[in-house]
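Single-letter residue listing:
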Amino acid sequence: MHELAIAQQLVELAGEHARRAGARRVTRLNCRIGALRRLESDLMSSAFEIARAGTACEEAELVVECVPIRARCPICAQVFAVADWNWRCPDCAVEGEPLPGGDELELISIDADNELTPGAAEHES
Ligand SMILES: [Zn+2]
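These numbers come from a predicted model, not from an experiment. (Residues numbered from 1 in each chain as written. Predicted model: local features only at pLDDT ≥ 70, side-chain atom pairs only at ≥ 80, totals over all residues. Heavy atoms only, no water.)

Student: Explain the coordination of the zinc ion here, please?
Tutor: For a metal with four tetrahedral donors the ideal donor-metal-donor angle is 109.5 degrees, whereas six octahedral donors ideally subtend 90 or 180 degrees. The zinc ion binds to the protein through Cys73 (SG), Cys76 (SG), Cys89 (SG) and Cys92 (SG), with metal-donor distances spanning 2.3 Å. Geometry at the zinc ion is tetrahedral, judged from its four donor atoms and the angles of 104 to 113° they form at the metal. With a relative accessible area of 2%, Cys73 lands in the buried category. (Donors = N, O, S within 2.8 Å, 3.2 Å for Na, K, Ca; no water. Tetrahedral: all angles 85-135°; square planar, octahedral: opposite > 155°, others 65-115°. Buried < 20%, exposed > 50% of the residue type's maximum accessible area, 1.4 Å probe, protein only.)

This is the structure we're talking about:
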């Protein structure tokens, strides 16, 4: 399952960020995943539940921002999002040229809970 590998990667990254920030618990993972990754959101949530077990992300919520694939029409030059693998310009019905992007797989930020180590964050500043 392709989703599980990705979920594990995100959980690992988030755990690393949390450790560096001196946090014990991650409460939320904010990530950005391109449509080219073709992730099923249902599979992704169950994969995340498996991946987070026993880690700092155990009670975290996974928030995924889906980045669409974009194409540019060779005739009218408008940029449109490719939905359902339909590459045709909505106005000209001509196949658009793919633009870079859509393959993102990034952990943008995490929300972490410092509750268990009060003072750790304050000492740093
Ligand atoms: Zn067009």
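Student: Where do I start with the sheet that holds strand β5 (residues 97-98) in this structure?
Tutor: Within a beta sheet, neighbouring strands are joined by backbone hydrogen bonds and run either parallel or antiparallel to one another. Read from one edge to the other, the open sheet built from three strands follows the order β4-β3-β5, with strand pairing classed as antiparallel. Looking at strand neighbours, the two that pair on one side only are β4 (79-82) and β5, the edges of this open sheet. Summarising the sheet, strand β3 (residues 69-72) and β4 pair through four bridges and their orientation is antiparallel. Counted as the bridge partner of Ile69 is Val82 from β4. (Pairing = 2+ DSSP bridges. Helix = DSSP H or I, 4+ residues; strand = E, 2+ residues; numbered from the N terminus.)

Student: I tried to follow the packing of helix α1 (residues 2-21) against helix α2 (residues 41-52) on my own but got confused; where do I start?
Tutor: Helix-helix packing is described using two parameters, namely the angle between the two axes and the distance between the axes. It is at 8 Å that the axes of α1 and α2 come closest, and there the two elements cross at 50°. Here α2 runs oblique to α1, going by the angle between their axes. Note that α1 runs across α2; the crossing there is right-handed. In contact with Glu3, Leu4, Ile6, Ala7, Gln8, Leu10 and Val11 of α1, α2 contributes Leu43, Met44, Ala47, Phe48, Ile50, Ala51 and Arg52. Partitioned by chemical class, the residues of the contact of α1 with α2 number 11 nonpolar, one polar and two charged. (Axes fitted to C-alpha atoms, helices over the stretch in contact; angles between N-to-C directions. Parallel < 35°, antiparallel > 145°, perpendicular 65-115°, else oblique. Left-handed = near helix turned anticlockwise from the far one by under 90°. Contact = heavy atoms within 4.5 Å. Nonpolar A, V, L, I, M, F, W, Y, C, P; charged D, E, K, R; others polar.)

Student: Looking at this model, I keep getting lost on the sheet that holds strand β6 (residues 105-113). Mind explaining?
Tutor: Read from one edge to the other, the open sheet built from three strands follows the order β2-β1-β6, with strand pairing classed as mixed. Strands at the two margins of the open sheet, each flanked by one partner only, are β2 (61-67) and β6. Within this sheet the neighbouring strands show an average axis-to-axis angle of 15°, counted without direction. Sheet analysis places strand β1 (residues 25-34) next to β6, joined by eight bridges and oriented antiparallel. Looking at β6, one finds that Asn30 is bridged to Ser109.

Limitation: the analysis is restricted to geometry and does not speak to function.
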